[in-house]
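Here is how the chains run, residue by residue.
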Protein chains: 2
Amino acid sequence: MIKVSIIGSGNAAQQLIAAFVKSPTIKLVQVFSRHPENIPDLPDSCIRIHNLNLLAEADLYLIVVSDSAIAAVSEQLPFKNRLVAHTSGSVAMTELDSNNRRSVFYPLQTFTKGKKVNFKTIPIALESENTDDYALLEQVAKAISDNPFPISSEQRKALHVAAVFVNNFTNHLYEIANKICSERQIPFEILKPLLLETAEKVMTLSPKEAQTGPAKRNDSNTIKSHLEFLTDENQKKIYTLLTQSIQKNEL
Amino acid sequence: MIKVSIIGSGNAAQQLIAAFVKSPTIKLVQVFSRHPENIPDLPDSCIRIHNLNLLAEADLYLIVVSDSAIAAVSEQLPFKNRLVAHTSGSVAMTELDSNNRRSVFYPLQTFTKGKKVNFKTIPIALESENTDDYALLEQVAKAISDNPFPISSEQRKALHVAAVFVNNFTNHLYEIANKICSERQIPFEILKPLLLETAEKVMTLSPKEAQTGPAKRNDSNTIKSHLEFLTDENQKKIYTLLTQSIQKNEL
């Protein structure tokens, strides 16, 4: 059994904890949180702590806190030369304190309260300072996911930016569509099959092959009529910029 | 059996034909196309024609052609006072020639060659000039979909604009993410679980509840670092505009 301890109790930490608890090859030793009431059900063998000085020996310490807290938490760890990973897409591995062996364990997924994810399908991007540590990191990732892969810090940054486009920005487009509909008493429900099909389409076609619509067709009448229809200046700007971007892409 | 004839043979027409052929309550009478070789397999009882003057009697004529051709095709129909529908999200019902009883049959979905859709779940927006015709339109829609609904021309326009946001623009964000990754030798595959989860999340949460990421958190360090990372001016503009839009939305 590989001994893992988790530092953090937010959405991502809670979902990681739930995944590790189910794994037969991982022993979850301790979970640290300043707010122990946030920690979900744990097996009796795993101990809740709220003081970092109580951290016991483990093979891997996963720091699952907000990006801005990672460096400070890593400095407060009461030991040296042990394997420590953060789980962020955008924080450099070197922001971890150099007293310990540094690594990254970045699950490429969006964690929201009230929506459980299936870890099996989640890609986990791994990086380690020492090549020797990579094998252990990979074993831990394989215990919960079918899809761990090595990645450099530079690639991880690209992946994080790309994730902002496919997740944060895409979700914001859903929100705008929701507003456009609800202002005219159209339920958002009606858009859901289209929204889902849009995502499912690129499972088998490339986004370029999947592109349709007035911008791709250079249908200037429809584009003009949509822009006249939109009254919100911000929505107009987004419509214009994305339409131009699709058109450039087709050239 | 309700007699339906289809005018057109593009992606949308082909998928509608396939759905009607399977329905026990619809008799597909004729399919018109200038390119009969495009028409998929038809039952023996359905006749391919390539001259509009050969159109036989039917309860409903569905014009499934590009937006810009709808008016011209409707003018060429060799009969009067029959029920005619177009299937476009953005064309006014009144663009159909007034010689016939006008209506709209708009399936809210994206049709791409090489990707079959399941019509059962597709919402179909219906509108008719005469209230008497609505019942028949609804019966035809119910023959292939569980989700027909009445909609005004104004609402249909809103729905079409919203569809551009959740489909065309979202797919373009996938394309940008694909570019960002492939330039750094990261396979697009890695983004797929996140992309799918982003869509699935709003099946149960509202887009507002589902929003995460640096813009929502007002994490200016990450935003700055992403903008420094992006080298393409167009990508920078889109990143900036959508980040600002998310931030305004959170105020």
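In this text, all values refer to a predicted model and were calculated from it rather than measured experimentally. (Residues numbered from 1 in each chain as written. Chains lettered and ligands numbered in written order. Predicted model: local features only at pLDDT ≥ 70, side-chain atom pairs only at ≥ 80, totals over all residues. Heavy atoms only, no water.)

(A) Main features of the packing of aromatic side chains. A complete count under the given rule lists 12 aromatic pairs over all chains for this structure. Ring plane angle 75° and centroid distance 5.2 Å describe the contact between Phe169(A) and Tyr239(B), whose orientation is recorded as edge-to-face. Here the residue Phe169(A) occupies a position in helix 4 (residues 153-182), and Tyr239(B) occupies one in helix 9 (residues 233-250), the pair thus bridging two chains. Each of the two residues, Phe169(A) as well as Tyr239(B), counts as buried. An aromatic cluster of three or more residues is present, and its members are Phe165(A), Phe169(A) and Tyr239(B). (Phe/Tyr/Trp six-rings, centres within 6.5 Å; stacked < 30°, edge-to-face > 60°. Helix = DSSP H or I, 4+ residues; strand = E, 2+ residues; numbered from the N terminus. Buried < 20%, exposed > 50% of the residue type's maximum accessible area, 1.4 Å probe, protein only.)

(B) Structural detail: the packing of helix 5 (residues 192-204) of chain A against helix 5 (residues 192-204) of chain B. Where helix 5 of chain A contacts helix 5 of chain B, the two axes come as close as 9 Å, and the packing angle between them is 170°. Classified by the interaxial angle, the pair formed by helix 5 of chain A and helix 5 of chain B is roughly antiparallel. The segment helix 5 of chain A lies against helix 5 of chain B, with Lys192(A), Leu195(A), Leu196(A), Ala199(A), Glu200(A), Val202(A) and Met203(A) engaging Lys192(B), Leu195(B), Leu196(B), Ala199(B), Glu200(B), Val202(B) and Met203(B). The residue inventory of the contact of helix 5 of chain A with helix 5 of chain B, partitioned by class, reads 10 nonpolar, no polar and four charged. (Axes fitted to C-alpha atoms, helices over the stretch in contact; angles between N-to-C directions. Parallel < 35°, antiparallel > 145°, perpendicular 65-115°, else oblique. Contact = heavy atoms within 4.5 Å. Nonpolar A, V, L, I, M, F, W, Y, C, P; charged D, E, K, R; others polar.)

(C) Expanded view of the sheet that holds strand 7 (residues 123-128) of chain A. Residues and elements named next belong to chain A. Judged by pairing direction, the sheet is mixed, and its eight strands sit side by side in the order 3-2-1-4-5-6-7-8 without closing on themselves. In the strand order of this sheet, the two ends are held by strand 3 (47-49) and strand 8 (147-150), each with one partner. Sheet twist, expressed as the average angle between the axes of neighbouring strands with direction ignored, equals 25°. Examined bridge by bridge, strand 4 (residues 60-63) and strand 5 (residues 83-86) share three bridges and lie parallel to one another. The partner of Ile-63 across the bridge, within strand 5, is His-86. Packed onto the sheet, helix 3 (residues 131-144) meets strand 1 (2-7), strand 2 (26-32), strand 4, strand 5, strand 6 (101-107), strand 7 and strand 8 and runs at close to 165° relative to strand 7. On the sheet, helix 4 packs against strand 5, strand 6, strand 7 and strand 8 and is oriented at approximately 25° with respect to strand 6. (Pairing = 2+ DSSP bridges.)

(D) Spatial organisation of the relation of the copies chain A and chain B. Laying chain A over chain B is done by rotating through 180° and shifting 0.0 Å along the axis; what remains is an RMSD of 0.0 Å. Taken together, the rotation and translation relating the two chain copies correspond to the operation of a two-fold axis. Rotation axis and chain A: the residue whose C-alpha lies nearest the axis is Thr170(A), separated from it by 2.7 Å. Here 100% of the interface residues in chain A have copies in chain B that are interface residues too; the copies meet face to matching face. (Least-squares fit on C-alpha atoms with pLDDT ≥ 70 in both.)

(E) Quick look at the nonpolar core. In terms of nonpolar packing, the biggest core is built from 82 residues, with Phe165(A), Leu159(B) and Phe165(B) touching the most fellow members. Setting aside residues no more than four positions away along its own chain, Leu159(B) makes contact with Cys181(A), Ile186(A), Ile190(A), Leu191(A), Leu108(B), Ala125(B), Phe149(B) and Ile151(B). (Core = buried A, V, L, I, M, F, W, Y, C linked by side-chain atoms within 4.5 Å.)

(F) Main features of the sheet that holds strand 1 (residues 2-7) of chain B. Residue and element names in this part refer to chain B. Read from one edge of the open sheet, eight strands run 3-2-1-4-5-6-7-8, paired in mixed fashion. Looking along the sheet, the strands with just one partner apiece sit at the ends: strand 3 (47-49) and strand 8 (147-150). Between one strand axis and the next, the sheet turns by 25° as a mean value, whatever way the strands run. With four bridges connecting them, strand 5 (residues 83-86) and strand 6 (residues 101-107) associate as parallel partners. Counterpart to Val-84 in the pairing with strand 6 is Arg-102. Contacts from helix 3 (residues 131-144) reach strand 1, strand 2 (26-32), strand 4 (60-63), strand 5, strand 6, strand 7 (123-128) and strand 8, with the element oriented near 165° to strand 7.

(G) Seen up close, the pattern of salt bridges. For the structure shown, the criterion picks out 16 salt bridges over all chains. Of the charged contacts in the structure, one is a salt bridge between Glu189(A) and Lys192(A), with a shortest N-O distance of 3.0 Å. Exposure remark for Lys192(A): the relative accessible area of 11% places this residue in the buried category. Between Arg217(B) and Asp219(B) there is a salt bridge; the shortest N-O distance is 3.1 Å. The partly exposed category is assigned to Arg217(B), whose relative accessible area is 46%. (Salt bridge = Lys/Arg side-chain N within 4 Å of Asp/Glu carboxyl O.)

(H) Local environment of the interface of chain A and chain B. Every contact between the two is made by 87 residues of chain A and, on the other side, 87 residues of chain B. Summed over both partners, the interface of chain A with chain B comes to about 8500 Å²; 69% of that surface belongs to carbon and sulfur atoms. Contact with chain B buries surface across chain A, with Phe165(A), Val166(A) and Leu194(A) losing the most and accounting together for 8% of the total. Counting the contacts that link chain A with chain B gives 36 residue pairs in polar contact (both at pLDDT 80 or more). Secondary structure elements with two or more residues in the side of chain A that touches chain B: helix 4, helix 5, helix 6 (207-210), helix 7 (214-217), helix 8 (220-229) and helix 9 (233-250) of chain A. With 27 residues, helix 4 of chain A is the single largest residue contributor to the side of chain A that touches chain B. Residue composition of the side of chain A that touches chain B, grouped by class: 42 nonpolar, 27 polar and 18 charged. (Buried area = accessible area lost by both parts, 1.4 Å probe. Polar contact = N/O pair within 3.5 Å; in protein donor to acceptor, adjacent residues only side chain to side chain.)

(I) Representation of the pairing of strand 2 of chain B within the structure. All names here are of chain B. Most of strand 2 sits inside the fold, with six of its seven residues counted as buried. As paired strands, strand 1 and strand 2 are joined by five bridges and run parallel to one another. Each bridged residue has a counterpart across the sheet, and for Ile-2 the counterpart in strand 2 is Ile-26. The parallel pair strand 1 and strand 2 is bridged by helix 1 (residues 11-22), and the resulting crossover is right-handed. Across three bridges, strand 2 lies against strand 3 in parallel orientation. Each bridged residue has a counterpart across the sheet, and for Phe-32 the counterpart in strand 3 is Ile-49. (Right-handed = clockwise from strand over helix to strand, strands pointing away.)

(J) Local environment of the side chain of Gln109(B). Relative to the assigned elements, Gln109(B) resides in the loop between strand 6 and strand 7. Here the side chain of Gln109(B) touches Pro193(A) through a polar contact of 3.5 Å, landing on its backbone oxygen. If near-sequence neighbours (up to four positions away) are discounted, Gln109(B) is found in contact with Pro193(A), Leu194(A), Glu197(A), Val117(B) and Ile122(B).

(K) Just the confidence of the model for chain A, in detail. Considering every residue of chain A, the mean pLDDT works out to 94; 100% of them sit at 70 or more. With a pTM of 0.90, the predicted complex shows an ipTM of 0.90. (pLDDT = per-residue confidence, 0-100.)

(L) Quick peek at the side chain of Asn167(B). Here Asn167(B) shows up in helix 4 (residues 153-182). Exposure remark for Asn167(B): the relative accessible area of 5% places this residue in the buried category. If we skip the residues at most four places from it in the chain, Asn167(B) touches Leu194(A), Thr198(A), Thr212(A) and Thr110(B).

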